[in-house]
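Per-entry structural report
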Amino acid sequence: MSLNNYIDLRSDTVTIPTDAMREAMAKAVVGDDVFEEDPTINRLQELAAERMGKEAGLFVSSGTMGNLVAMLTHCQRGDEIIVGDQAHIFYYEAGSSSAVGGIHPHTIPNQRDGSLKMEDIEDAIRSDDEHFPITRMLALENTHNRMGGTYLTPAYTKQVADFVHARGIKLHIDGARIFNAAVAQGINVRELAQAADSVTFCLSKGLSAPVGSVLCGSREFIRLARRRRKVIGGGMRQAGILAAAGIVAMEQMVDRLSEDHANATKLALGIAGTPGLSIDLASVQTNMVYFNIDPALPFDAVELCRRAWAGKVKMLDTGTRRIRAVTHAWVSGDEIDTAIQVLQEAVRR
Ligand SMILES: Cc1ncc(COP(=O)(O)O)c(C=O)c1O
């Protein structure tokens, strides 16, 4: 199960394609997708749209591209988006909204569960005054990466959607791991995407496909989004070879995400029982485990990760004393036991 003899918990992006994906890729019927003539991409887009309860889908190279194309489609230059201060869109996408789109991010605090407070949203919406940019879009993230893989519910999503729609503002969901959110709640993913105008989800994270994300929305939104994707160089040709793996990902890799969630809980409990480490167990809701190193200990997150790496376990330092571990299809329950042991020895040394 392990990857190159390591238990690699840095991210679910390290997953590699399954044998079924490689077979589907080898046999994929392809065509020129800029002419909309790649049957495998067309099938992937239809399947994705159907799963999200939207009219249409657009295959993009990454989650970052999906989010950017959504922002470029909903907004004009000088417009503003409301986004959480811990959101991937704000934190980890190289400032793409402003760098490429001239779109101004207005951040409000993410709560511990990844949500945004309704009062904060209300305060952030600009009035019609020439001093202000126009608030055009709000982004939610589900699951929320930096808040620990926490999920948002359909009821909360609908509450936000109704609120912003009543003010002429679009709702985009960065649903890189929205299937994790659905599986954790035992609901159909459509319930989480329904209220949004657009949603991006990733095939190449917990679902193990090698490349790609899909942006979904109305037929008209996707028609406009195709041009924005072209502007940023995302018009691909015989990329059905990649979409083939994405179809297998959606058909075969969703239900098993519950195993990753069980493994994350197991890891979190092991960490909670390790002197010198602390963890907020309530934040461990899907496949992510964030934990902290006691300030009294004479080493930081970089050093602890280095020690774990020497024991063949890879994790990611995300703060001076904060570490992230993410479970996925290429880590078994037994390997989680091994990872806990390695971590406990690394703390003791
Ligand atoms: C919540 C979230 N959104 C978007 C992305 C971007 O995805 P990509 O790395 O495919 O650009 C990530 C990547 O980890 C993510 O965690």
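Predicted model only: the values in this text are computed from it and were never measured.

Turning our eyes to something else, we now look at the site of the ligand. Neighbouring the ligand are the residues S62, G63, T64, N67, H88, E93, E141, N145, D174, A176, R177 and K205. At 2.9 Å, a backbone N or O of G63 approaches an oxygen atom of the ligand. Contacts to the ligand include N145, whose side-chain N or O atom sits 3.0 Å from an oxygen atom. Burial of the ligand by the surrounding chains reaches 84%, relative to a free accessible area of 390 Å². Tallying contributions element by element places helix 3 (residues 63-74) first for the shell around the ligand, with three residues. A per-class count over the shell around the ligand returns one nonpolar, six polar and five charged.

Looking now at the pairing of strand 8 (residues 213-217). Within strand 8, five of the five residues are buried, which leaves the element mostly enclosed by the surrounding structure. What you see with strand 8 is no split at all: S213, L215 and G217 on one side and V214 and C216 on the other are buried throughout. Across five bridges, strand 2 (residues 56-60) lies against strand 8 in antiparallel orientation. Bridge pairing links F59 to V214 in strand 8. Taken together, the five bridges between strand 7 (residues 198-202) and strand 8 define a ladder with antiparallel strand orientation.

Taken in spatial order, the four strands make up an open sheet running 9-10-13-12, and their pairing is antiparallel. On the outer flanks of this sheet lie strand 9 (277-278) and strand 12 (316-319), each paired with one strand and no other. Across five bridges, the pairing between strand 10 (residues 288-293) and strand 13 (residues 322-326) is antiparallel. Counterpart to M288 in the pairing with strand 13 is V326. Each of strand 9, strand 10 and strand 13 is contacted by helix 12 (residues 257-272), which is oriented at about 10° to strand 10, the strand it contacts most.

A few words now on the domain arrangement of the chain. For interface size, the figure often reported is the accessible area lost on association. For the chain, the assigned domains read domain 1 (7-13 + 256-348) and domain 2 (19-252). Distance between the C-alpha centres of domain 1 and domain 2: 28 Å. Every contact between the two is made by 20 residues of domain 1 and, on the other side, 20 residues of domain 2. In total, domain 1 and domain 2 occlude about 1600 Å² of area from one another, counting both sides; carbon and sulfur atoms represent 49% of this. On the surface where domain 1 and domain 2 come into contact, there are two salt bridges. Where R177 meets D12, a salt bridge forms, and the shortest distance between an N and an O atom there is 2.8 Å. Put simply, domain 1 and domain 2 have seven residue pairs in polar contact (both at pLDDT 80 or more) between them. Secondary structure elements with two or more residues in the side of domain 1 that touches domain 2: helix 12, strand 10 and strand 13. Taken together, the residues of the side of domain 1 that touches domain 2 break down into six nonpolar, nine polar and five charged.

Of the residues in the chain, 100% reach a pLDDT of 70 or more, and the chain-wide mean stands at 97. At the level of individual helices and strands, the chain shows its lowest average pLDDT in strand 12, which scores 96, and its highest in strand 6 (residues 170-174), which scores 99.

Here the focus is the sheet that holds strand 6. Strands sit in the order 2-8-7-6-5-3-4 across an open sheet of seven strands; the sheet is mixed. For this open sheet the edge positions go to strand 2 and strand 4 (104-108), each flanked by a neighbour on one side alone. On average, each strand axis in the sheet is inclined to that of its neighbour by 20°, with strand direction left out of account. Packing against the sheet, helix 7 (residues 154-165) makes contact with strand 5 (135-141) and strand 6, and its axis sits at approximately 150° to strand 6.

Our next topic: the packing of aromatic side chains. Under the defined criterion, the tally for this structure stands at three aromatic pairs. The interplanar angle of 55° and the centroid separation of 5.2 Å between the aromatic rings of Y91 and Y92 together place this pair among those described as tilted. Residue Y91 is classed as partly exposed on the basis of its relative accessible area of 40%. Look at Y92 and you get partly exposed, because its relative accessible area is 38%. Ring plane angle 85° and centroid distance 5.3 Å describe the contact between F179 and F201, whose orientation is recorded as edge-to-face. Taken together, the positions of F179 in helix 8 (residues 178-185) and F201 in strand 7 put the pair 22 residues apart, joining distant regions of the chain. Both residues of the pair, F179 and F201, count as buried. Against the face of F163 rests R167, its NZ or CZ located 3.7 Å from the ring centre. The lysine or arginine in question, K314, covers the ring of Y6, its NZ or CZ lying 4.4 Å from the ring centre.

Reading the values: rules and limits
- Residues numbered from 1 in each chain as written.
- Predicted model: local features only at pLDDT ≥ 70, side-chain atom pairs only at ≥ 80, totals over all residues.
- Heavy atoms only, no water.
- Near = heavy atom within 4 Å.
- Polar contact = N/O pair within 3.5 Å; in protein donor to acceptor, adjacent residues only side chain to side chain.
- Areas by Shrake-Rupley, 256 points an atom, 1.4 Å probe, with all protein chains shown as cover.
- Helix = DSSP H or I, 4+ residues; strand = E, 2+ residues; numbered from the N terminus.
- Nonpolar A, V, L, I, M, F, W, Y, C, P; charged D, E, K, R; others polar.
- Buried < 20%, exposed > 50% of the residue type's maximum accessible area, 1.4 Å probe, protein only.
- Pairing = 2+ DSSP bridges.
- Contact = heavy atoms within 4.5 Å.
- Axes fitted to C-alpha atoms, helices over the stretch in contact; angles between N-to-C directions.
- Domains from an automatic or database assignment.
- Buried area = accessible area lost by both parts, 1.4 Å probe.
- Salt bridge = Lys/Arg side-chain N within 4 Å of Asp/Glu carboxyl O.
- pLDDT = per-residue confidence, 0-100.
- Phe/Tyr/Trp six-rings, centres within 6.5 Å; stacked < 30°, edge-to-face > 60°.
- Lys NZ or Arg CZ within 6 Å of the ring centre and 35° of its normal.

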